[in-house]
Amino acid sequence: MDRLPRIALPAVFIAIVLIILLSKSIVRIGPGEGGVLFRPAGGGVVTDKTYGEGWHIVAPWNDMLVHKVRQQSISDEMNVLSVNGLEVKVNGTIWFEPEYKSLGLLIKTKGEEYIIELLDPAINAAARSVVGRYTPEQLYSSKRDVIEQEILDEVRKELDGQYLNVKRVLVEDVKLPTTIKDAIESKLKQEQQSLEYEFKLVTAQKEAEKVRIEAQGKADANKILSASLTDKILQDKGIEATLELSKSPNSKIVVVGSSGDGLPLILGNN
């Protein structure tokens, strides 16, 4: 009985050590994450394998570096210069994701803080390069989509071969000095008013042309009708109207002859 505590203490100690080692050996990689094995005593970061989601057992003396491999986004505000040297602030968001199979190479060559060390500088360089081609007015209004695409192209060029894929760039806001912003908005308002006036003027001109064409059509129709009404036709129509009137039971009409122009001479009343 006296020997039991002496045996139990080492057993408890060994059990505790085993639990600690086991807890360090089991690593959980969550959804949308990937793991890279780091061997401090065996060459450092393993670059030829990326561990997927789930539970993994690693040697206690090694580490599993877990990072997101799904699509991510970061937002930033940058102070950049326009083509005429005016400082503007650009708020943007960029969507990116690491190359899953090359996660080990990304971490080994760029470090675990690759977003700060690699992505941020590439975004700033691309934004400064692209924004410097445009005037404040173009940045504020009509060139937003073009600028986004050009920044995306520049970022992809900067990160070519760097194991990081950039999916999309969104320029959310361009902040200009108040005086410049007010001047641009005033100019845009005047241009809009000018376009509205031109639209109304063109509409009025088209309506006037429509009325003129309709009037000309009616005039041409009357001219053709007048030209077709010869003296003979008028005589025939007059005779037909007189005969129809004479057939009425209440009419007292007597045709006594014809005039010199061929029309009937009528005596009587209704």
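Residues numbered from 1 in each chain as written. Predicted model: local features only at pLDDT ≥ 70, side-chain atom pairs only at ≥ 80, totals over all residues. Heavy atoms only, no water.

**Considerations on the overall build of the chain**
Here comes step 1: Each helix and strand counted, the chain has seven helices and ten strands in total.
Here comes step 2: The 270 residues of the chain split such that 25% are buried.
Here comes step 3: Taking contacts inside the chain between residues at least 6 apart in sequence as the whole, the part at least 24 apart equals 64%.
Here comes step 4: Carbon and sulfur atoms make up 56% of the accessible area of the chain, which totals about 18,200 Å². (Helix = DSSP H or I, 4+ residues; strand = E, 2+ residues; numbered from the N terminus. Buried < 20%, exposed > 50% of the residue type's maximum accessible area, 1.4 Å probe, protein only. Contact = heavy atoms within 4.5 Å. Areas by Shrake-Rupley, 256 points an atom, 1.4 Å probe, with all protein chains shown as cover.)

**A word on helix 3 (residues 114–131)**
Here comes step 1: Here helix 3 contains 18 residues, and its C-alpha end-to-end distance of 25 Å stays within 8% of the 26 Å for a straight helix at 1.5 Å per residue.
Here comes step 2: When we look at burial in helix 3, the residues that qualify are Tyr 114, Leu 118, Leu 119, Ala 122, Ile 123, Asn 124, Ala 126, Ala 127, Val 130 and Val 131. (Expected span 1.5 Å × (residues − 1).)

**Structural notes on the nonpolar core**
Most often, soluble globular proteins keep nonpolar side chains buried together rather than apart.
Here comes step 1: Counting 35 residues, the largest nonpolar core has Leu 119, Ile 151, Leu 159 and Leu 164 as its most contacted members.
Here comes step 2: Only strand 6 (72–81), strand 7 (87–98), helix 2 (103–110), helix 3, helix 5 (144–158) and strand 8 (164–175) provide two or more residues apiece to this core.
Here comes step 3: Ranked by residue count, the leading element in this core is helix 3, at nine residues.
Here comes step 4: Setting aside residues no more than four positions away along its own chain, Leu 119 makes contact with Ile 74, Ile 94, Phe 96, Tyr 114, Leu 159, Leu 164 and Val 166. (Core = buried A, V, L, I, M, F, W, Y, C linked by side-chain atoms within 4.5 Å.)

**A closer look at the environment of Pro 121**
Here comes step 1: Looking at the element boundaries, Pro 121 is found in helix 3.
Here comes step 2: By relative accessible area, Pro 121 is classed as partly exposed at 40%.
Here comes step 3: Sequence spacing of Pro 121 and Glu 158 is 37 residues, and the spatial spacing of their C-alpha atoms is 9.3 Å.

**Re the side chain of Gln 162**
Here comes step 1: Structurally, the position occupied by Gln 162 is in the loop between helix 5 and strand 8.
Here comes step 2: The class for Gln 162 is buried, based on a relative accessible area of 18%.
Here comes step 3: There is a polar contact of 2.8 Å between the side chain of Gln 162 and the side chain of Lys 110. (Polar contact = N/O pair within 3.5 Å; in protein donor to acceptor, adjacent residues only side chain to side chain.)

**Notes on the sheet that holds strand 2 (residues 33–39)**
Here comes step 1: Judged by pairing direction, the sheet is antiparallel, and its three strands sit side by side in the order 3-2-5 without closing on themselves. Among the strands making up the open sheet, the edge pair consists of strand 3 (44–45) and strand 5 (63–68).
Here comes step 2: Bridge count between strand 2 and strand 5: six bridges; the pairing is antiparallel. Bridging from a neighbouring strand, Val 36 pairs with Leu 65 of strand 5.
Here comes step 3: Along the sheet face, helix 2 touches strand 2, strand 3 and strand 5 and points at about 55° away from the line of strand 2. (Pairing = 2+ DSSP bridges. Axes fitted to C-alpha atoms, helices over the stretch in contact; angles between N-to-C directions.)

**Focus: the pairing of strand 6**
Here comes step 1: Taken together, the ten bridges between strand 6 and strand 7 define a ladder with antiparallel strand orientation. Across the sheet, residue Ser 75 finds its bridge partner in strand 7, namely Thr 93.
Here comes step 2: Adjacent in sequence and paired antiparallel, strand 6 and strand 7 are bridged by five residues, among which Gly 85 carries a positive phi angle near 85°.

**Observations regarding the sheet that holds strand 8**
Here comes step 1: Taken in spatial order, the three strands line up as 6-7-8 in an open sheet, and their pairing is antiparallel. The open sheet is flanked by strand 6 and strand 8, the only strands paired with a single partner. Adjacent strand axes in the sheet meet at a mean angle of 25° when their direction is disregarded.
Here comes step 2: Sitting on the sheet, helix 3 touches strand 6, strand 7 and strand 8, and the angle it makes with strand 6 is about 45°.
Here comes step 3: Together, strand 7 and strand 8 form the strand contacts of helix 5, whose direction differs from that of strand 8 by roughly 145°.

**Describing the confidence of the model for the chain**
Here comes step 1: With 66% of its residues at a pLDDT of at least 70, the chain reaches an overall mean of 78.
Here comes step 2: Ranking the elements of the chain by mean pLDDT puts strand 10 (residues 264–269) last with 50 and helix 2 first with 94. (pLDDT = per-residue confidence, 0-100.)

**Observations concerning helix 2**
Here comes step 1: All buried positions along helix 2 are accounted for by Leu 103, Gly 104, Leu 106 and Ile 107. Projection of helix 2 onto a plane perpendicular to its axis shows the buried side chains occupying an angular sector of 165°, all on one side.
Here comes step 2: Contact partners of the buried residues in helix 2: strand 2, strand 3, strand 5, strand 7, helix 3 and strand 8. (Arc of directions from axis to C-beta.)

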